[in-house]
Amino acid sequence: MVLTFLSLLRVACYAGAAYGLARHTASADPRTRNRSLALLILGFMVGAGILAWRAGSSGTLPLATRFDVLGLFAFMVTAAFLVLLWQRPVPALGAVILPVPAAALLLGVLPNPLPAQNPAALGNPWVAGHILLFFLAYSALLLGFGLGVLYLLLESQLKAKKLTGLLFRLPPLAELDLVLGRSETLGFISLTAAIAVAERGFRASGITWSLDSKMAAIFMTWAVYGLYLLLRLVRGWRGRKSA
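What you are looking at is a predicted structure, and each value in this text was computed from that prediction instead of being measured.

Q: Can you walk me through the layout of surface pockets in this structure?
A: Of the pockets and cavities examined, the second largest pocket occupies roughly 290 Å³. Taken together, 13 residues line the second largest pocket, and the ones lying closest to its centre are Val83, Leu84, Gln87, Ser183 and Leu186. Taken together, the residues of the lining of the second largest pocket sort by class into 9 nonpolar, 2 polar and 2 charged.

Right under this line is the structure:
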């Protein structure tokens, strides 16, 4: 009951932060931004506390249930956004990506959470490592997606010569494209490492590697982003094509 309440509190924090950052983008009210960031940090700290509690209780990475898996994913997405926000002032990005961890947390508190991982396998550092790398990869790729959305919105306003608040509260197009490229490069490198570590972890745990629908989706994602980054490097894909 306590964990469910805390998870719903995180949902409310992330949803409120997303709404507030969207309002800030439209109105440039610093009080709205500050309240939104306070909600975001509160949700992040509650998530950190839950992870520490669950890890201390189980003695290993808390990933035995859907609640744990989605809670960790929401935590890592939020952490990635906070790191980016610390380096680049793009609060509008929160309006795009924060609904994702909020939705993940809601799914995690549904009744009868299904087992997500074999608890015995979670003691293997290779297995735990590949899960963390996957979450890092998808967090970085999600940031890249959000930056791409903002790039397209800003570009469309510039082409239409609409001087709205979004135009003045986002970095220049070239900077958005640079950060987008770096986020997706980090995501691709992390995904590559996660696949390599997963193969080693499966062998160490005696688990047979099988190309099921989940693994097929992972390899398809890896191939698509690998081709995209290759075209970005070789053919100079930038701007709209990149976004």
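Q: What exactly am I supposed to notice about the pattern of salt bridges here?
A: A pair can form between side chains of opposite charge whenever their charged atoms are brought close. Here the structure, examined in full by the defined rule, presents 1 salt bridge. With its nearest N and O atoms 2.8 Å apart, the salt bridge here joins Arg54 to Asp68. Residue Arg54 is found in helix α2 (residues 30-58), and its partner Asp68 is found in helix α3 (residues 66-87); the two are separated by 14 residues along the sequence. Looking at Arg54, the relative accessible area reads 26%, which means it is partly exposed. According to the relative accessible area criterion, Asp68 is buried, its value standing at 6%.

Q: Whenever I open this one, helix α5 (residues 99-108) confuses me. Can you help?
A: Helical geometry: 3.6 residues make up each α-helical turn, so side chains three or four residues apart lie on a common side. Taken together, the buried positions of α5 are occupied by Pro101, Ala102, Ala104, Leu105 and Gly108. Buried positions in α5, seen along its axis, are confined to an arc of 160 degrees and lie on one side of it. The inward-facing, buried residues of α5 contact α1 (2-27), α3 and α4 (92-97).

Definitions and cut-offs
Residues numbered from 1 in each chain as written. Predicted model: local features only at pLDDT ≥ 70, side-chain atom pairs only at ≥ 80, totals over all residues. Heavy atoms only, no water. 1 Å grid on protein atoms, 1.4 Å probe; cavity = no way out; pocket = protein on both sides within 12 Å on 5 of 7 lines; lining within 4 Å. Points joined across faces, edges and corners; volume = space filled by probe spheres on them. Nonpolar A, V, L, I, M, F, W, Y, C, P; charged D, E, K, R; others polar. Salt bridge = Lys/Arg side-chain N within 4 Å of Asp/Glu carboxyl O. Helix = DSSP H or I, 4+ residues; strand = E, 2+ residues; numbered from the N terminus. Buried < 20%, exposed > 50% of the residue type's maximum accessible area, 1.4 Å probe, protein only. Arc of directions from axis to C-beta. Contact = heavy atoms within 4.5 Å.

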